[in-house]
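Structural characterization, general
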Amino acid sequence: MMVEQDEFHTGMEAAGVKALWERTSHNPREPVSEPSRAWRWTEIEPLLDQAVAATGMEAAERRVLSLWNPDLDNPAGNNVTTNLNCGIQVLMPGETARVHRHTANALRFVLEGGDGTTTVDGKICPMNKGDLIITPGGTWHEHSHQGDSRIVWLDSLDVPFHRAMHTQFFDPGPAGNFPPLPNDDAYQHGGLLPQSGPGITMPAYSPQFRYAWEDVCTMLAAMQPANDGSKTLRYINPATGGPAMNIFDVYMVELAANEATIPFRSTANAFCLVIEGEGQSTIGEEVINWGRYDVFTLPHWNRYSHTAGRYGAKLFVGTDREILKRLNLLREERND
Ligand code: GTQ
Ligand code: FE2
């Protein structure tokens, strides 16, 4: 009877309960996902000089344009995909971004300019176009710029994951003590690992903080392509062979000209930063055309395939795959 129904619903509301059988979303057969989103370099690039005009570094702390995904809108912060955020950071000659540390893992990939440095736990890491600099969670870091034109890089952090886990901590500096580590030069020859000296006991994170662009190019040139013509290179922690950062895994993917990659899907979430070339990706229901320095997402369980244009392409990929893998939640499907 109607009256009983109403009493029932009123009673449930007062008690703070809901009837599971009346909810449509209680048993999805597959993960619910959001569509792929893209951010265009041609739209972001003109804003960089305006950002410099809008704020100095004292006020900004970090001059970053955060990529905002309307499907993952969150008043507590921005996400590009489930567990990762991205931003474009600009530093002018002579400027610095002061020392701090946080539990989130962070990376920066240099897009424009050079002669910058990020100091990570006392190690000075040169920043030039194409270089990757990581700051594993807990490491002290600061940026400075000795060049003569602006330096621009992509930042990405696993902040959304820490927000979900309530493990986000931040220390403003000054820097405290940090463990001594061998120089990055001590990790530049694959297959050889220092076994004596300060800091060689297995650190909690990669002892290498800088991955030079020249090395990435040398390695890609040395690799044999896969069946679909692509080459995938992983940035690793040289002391473990595992991901560059505990739960934040990064790759460089080289695509052959005019050849579609084998369709793939995963419960992991990734973003792609186009380093070179132009092309198109089919991601779930979306078709995304992309060019240099565009960023687009590969949200969980969307099947995707990339096709570069006639010059081929390079995609830098950041993913939360390692989180899912460690929790035995990684499911992957390749259509070959
Ligand atoms: O460069 O240290 O985009 O701490 C967001 C937070 C960059 C950084 C960001 C950060 C940084
Ligand atoms: Fe930081």
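Sequence positions are assigned chain by chain, starting from 1 and proceeding in written order. Numbering of ligands from 1 and lettering of chains from A proceed in the order in which they are written. This being a predicted model, a pLDDT of at least 70 is required before a residue's local features are given, and a value of 80 or more before pairs of side-chain atoms are given or counted; all residues contribute to the totals for chains, interfaces and linings. Hydrogens and water are ignored here; the side-chain numbers use all heavy atoms of the structure.

**Quick look at the overall build of the protein chain**
Numbered from the N terminus, helices here are DSSP runs of H or I no shorter than four residues, and strands are runs of E no shorter than two. When helices and strands are counted, the protein chain shows 6 helices and 20 strands. Relative to a compact globule of 336 residues, whose C-alpha radius of gyration would be 20 Å, the protein chain shows 22 Å and is just as compact. In the protein chain, of all internal contacts separated by at least 6 residues, the share reaching a separation of at least 24 is 72%. Accessible area of the protein chain: about 17000 Å², with a carbon and sulfur share of 53%. This radius of gyration counts C-alpha atoms alone. The globule rule is 2.2 Å times how many residues there are, raised to the power 0.38. Two residues form a contact once any of their heavy atoms are found within 4.5 Å. Surface exposure here means Shrake-Rupley accessible area, sampled with a 1.4 Å probe, where a residue is shielded only by the protein chains that are shown.

**Quick look at the pairing of strand 4 (residues 96-102)**
Between any two strands, pairing holds if DSSP finds at least two bridges. Across 3 bridges, strand 4 lies against strand 9 (residues 141-145) in antiparallel orientation. What sits directly across from Ala97, in strand 9, is His143. Bridging between strand 4 and strand 11 (residues 170-171) involves 2 bridges; their strand directions are antiparallel. Bridge pairing in strand 11 places His102 opposite Phe170.

**Observations regarding the coordination of the iron ion (ligand 2)**
Each protein donor to the iron ion (ligand 2) is listed here as His100 (NE2), His102 (NE2) and His141 (NE2); together their distances run 2.1 Å. Think of the donor list as every N, O and S atom within 2.8 Å of the metal, or within 3.2 Å for Na, K and Ca; water never makes the list, so a site can look incomplete. Each donor residue of the iron ion (ligand 2) lies on one chain, and together they are spaced H-x1-H-x38-H. One end of the pair, His102, is in strand 4; the other, His141, is in strand 9, with 39 residues separating them in the sequence. Given the relative accessible area of 12%, His102 is considered buried. Residue class for His141 comes out buried when judged on its relative accessible area of 2%. Per-residue accessibility, obtained with a 1.4 Å probe over protein chains only, is compared with the maximum for each type, and a residue is labelled buried under 20%, exposed over 50%, and partly exposed between these values.

**Comments concerning the sheet that holds strand 3 (residues 85-91)**
Pairing between sheet strands relies on hydrogen bonds along the backbone, with the strands arranged either parallel or antiparallel. Within the open sheet, the 6 strands sit side by side as 2-3-10-5-8-12. Their pairing is antiparallel. In the strand order of this sheet, the two ends are held by strand 2 (64-66) and strand 12 (210-211), each with one partner. Both strand 3 and strand 10 (residues 151-157) contribute to a ladder of 7 bridges, which runs antiparallel. Within strand 10, the residue paired with Cys86 across the bridge is Ser156.

**Regarding the side chain of Asn79**
Structurally, Asn79 is set in the loop between strand 2 and strand 3. A polar contact is formed between the side chain of Asn79 and the backbone oxygen of Leu72, at a distance of 3.2 Å. Polar contact is the term for a pair of N or O atoms within 3.5 Å; when the atoms are in protein, one must be able to donate a hydrogen and the other to accept it, and sequence-neighboring residues count only if both atoms are side-chain atoms. A distance of 3.2 Å separates the side chain of Asn79 from the side chain of Arg163, its partner in a polar contact. Residues contacting Asn79, with those up to four places away along its chain left out, are Leu67, Trp68, Asn69, Leu72, Asn74, Leu84, Asn85, Pro160 and Arg163.

**Considerations on the environment of Arg265**
Along the chain, the position of Arg265 falls in strand 15 (residues 264-266). The class for Arg265 is buried, based on a relative accessible area of 11%. Once the C-alpha coordinates of Arg265 and Asn302 are considered, the two residues, 37 residues apart in sequence, prove to be 5.8 Å apart. In this view, Arg265 contacts Glu30, Trp301, Asn302, Arg303, Arg331, Glu332 and Glu333; residues no more than four positions away in its chain are not counted.

**So, the pattern of salt bridges**
Opposite charge on two side chains permits them to pair, given that their charged atoms come into close proximity. Salt bridges are counted wherever a side-chain nitrogen of Lys or Arg sits within 4 Å of a carboxyl oxygen of Asp or Glu. Per the counting criterion, the structure on display carries 21 salt bridges. Between Arg234 and Glu322 there is a salt bridge; the shortest N-O distance is 3.4 Å. Of this pair, Arg234 sits in strand 13 (residues 231-235) while Glu322 sits in helix 6 (residues 321-326), and the two are 88 residues apart along the sequence. Where salt bridges share partners, they join Glu30, Arg265, Arg303 and Glu333 into one cluster.

**Considering the site of ligand 1**
If a single non-hydrogen atom of a residue is within 4 Å of a molecule or strand, that residue counts as near it. The immediate surroundings of ligand 1 are formed by Arg62, Val64, Gln89, His100, His102, Arg108, His141, His143, Asp155 and Leu157. At 2.8 Å from an oxygen atom of ligand 1 is found a side-chain nitrogen or oxygen belonging to Asp155. Taking 290 Å² as the accessible area of ligand 1 by itself, protein coverage stands at 86%. Residues are grouped as follows: nonpolar covers Ala, Val, Leu, Ile, Met, Phe, Trp, Tyr, Cys and Pro; charged covers Asp, Glu, Lys and Arg; every other residue, Gly included, is treated as polar. Of the residues contributing to the shell around ligand 1, the split by class is 2 nonpolar, 5 polar and 3 charged.

**Here's the deal with the packing of aromatic side chains**
What counts as a ring pair is set by centres within 6.5 Å for rings of Phe, Tyr and Trp (its six-membered ring), and what kind of pair is set by the plane angle: stacked under 30 degrees, edge-to-face over 60, tilted for all other angles. Tallying each qualifying case throughout the model produces 10 aromatic pairs. Seen in terms of ring centroids, Tyr211 and Tyr235 are 5.5 Å apart; in terms of plane orientation they differ by 80°. Their pairing is edge-to-face. With Tyr211 in strand 12 and Tyr235 in strand 13, the pair connects residues that are 24 residues apart, well separated along the chain. You'll find Tyr211 and Tyr235 in the same group, each marked buried. With a centroid separation of 5.8 Å and 75° between ring planes, the pair formed by Phe264 and Tyr304 is classed as edge-to-face. With Phe264 in strand 15 and Tyr304 in strand 19 (residues 304-319), this pair connects stretches of sequence that are 40 residues apart. Judged by its relative accessible area of 17%, Tyr304 is buried. Distance and angle both matter: a charge sits over a ring if NZ of Lys or CZ of Arg is within 6 Å of the ring centre and within 35 degrees of the ring normal. Geometry around Phe209 places Lys123 over its ring, the cationic atom sitting 5.0 Å from the centre. Positioned above the aromatic ring of Tyr293 is the side chain of Arg292, whose terminal nitrogen or guanidinium carbon lies 4.3 Å from the ring centre.

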